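For reference, the chains in residue letters:
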Amino acid sequence: MAGALWSLLGVLAGAFIAIQAPVNAQLARGLGVPVAAAAISFLSGAIVLGVITLLTTRTQGLVIDWKAPAPWLFVVGGVLGAFYVTSTVLLTPRIGAAALMAFLVAGQLLAGMLVDKAGILGVAVREISMGRIVGAVLLLAGAMMIRIY
């Protein structure tokens, strides 16, 4: 049961990403500066997450260990996220939400396969099997069909 709930949460998160792209693209059109829309998206998200972190740490008596992670980890996730959000702001009006989501998922799958293969950042190593390769090719083909048709 818990596995189904986590899977459903993953689907919901994916749906939110699909909705976020046109919302941020509309914000960019209104502001006239796409990067400003991405910045506002990050700022509002940071505020919400800051409040949730404060409430969680206070109510559960947790203390954040700011010294434990490597310093570069404090920056890289944000930089990658900023590139992602800015790209969606720029690409949504140009190729449409469905094609963008298809290419994003294809890119996530390909990068995920490489992360798994190399065991990057402690991820369990998983080989790139023929089934995974076929799945990736089919996903890329599907993304191209969504873009073309």
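Since the structure is predicted, the reported quantities are computational estimates derived from the model, not experimental observations. (Residues numbered from 1 in each chain as written. Predicted model: local features only at pLDDT ≥ 70, side-chain atom pairs only at ≥ 80, totals over all residues. Heavy atoms only, no water.)

1. So, the overall build of the chain
Moving on, step 1. Along the backbone of the chain there are five helices and zero strands.
Moving on, step 2. Order of helices (α) and strands (β) in the chain, N terminus to C terminus: α-α-α-α-α.
Moving on, step 3. Taken along its principal axes, the extent of the C-alpha atoms in the chain is 50 × 45 × 35 Å.
Moving on, step 4. Taking all 149 residues of the chain together, the buried fraction comes to 17%.
Moving on, step 5. Looking at the chain alone, contacts between residues at least 24 apart form 55% of all its contacts between residues at least 6 apart. (Helix = DSSP H or I, 4+ residues; strand = E, 2+ residues; numbered from the N terminus. Buried < 20%, exposed > 50% of the residue type's maximum accessible area, 1.4 Å probe, protein only. Contact = heavy atoms within 4.5 Å.)

2. Considering unusual backbone geometry
Moving on, step 1. Of note, the phi angle at Leu121 is positive, near 55°, even though the residue is not glycine.
Moving on, step 2. By the secondary structure assignment, Leu121 is in the loop between helix H4 (97-118) and helix H5 (130-148).

3. Digging into the packing of helix H2 (residues 34-60) against helix H3 (residues 73-95)
Two quantities define a packed helix pair, namely the angle between the helix axes and the distance between the axes.
Moving on, step 1. Look at H2 against H3: their axes get within 9 Å of each other, and the N-to-C directions meet at 130°. In this view, H2 runs oblique relative to H3, as classed from their interaxial angle. For the pair H2 and H3, the sense of crossing is right-handed. Here Pro34, Val35, Ala38, Ser41 and Phe42 of H2 lie close against H3, whose contacting residues are Gly78, Gly81, Ala82, Val85, Thr86, Val89 and Leu90.
Moving on, step 2. By residue class, the composition of the contact of H2 with H3 is eight nonpolar, four polar and no charged. (Axes fitted to C-alpha atoms, helices over the stretch in contact; angles between N-to-C directions. Parallel < 35°, antiparallel > 145°, perpendicular 65-115°, else oblique. Left-handed = near helix turned anticlockwise from the far one by under 90°. Nonpolar A, V, L, I, M, F, W, Y, C, P; charged D, E, K, R; others polar.)

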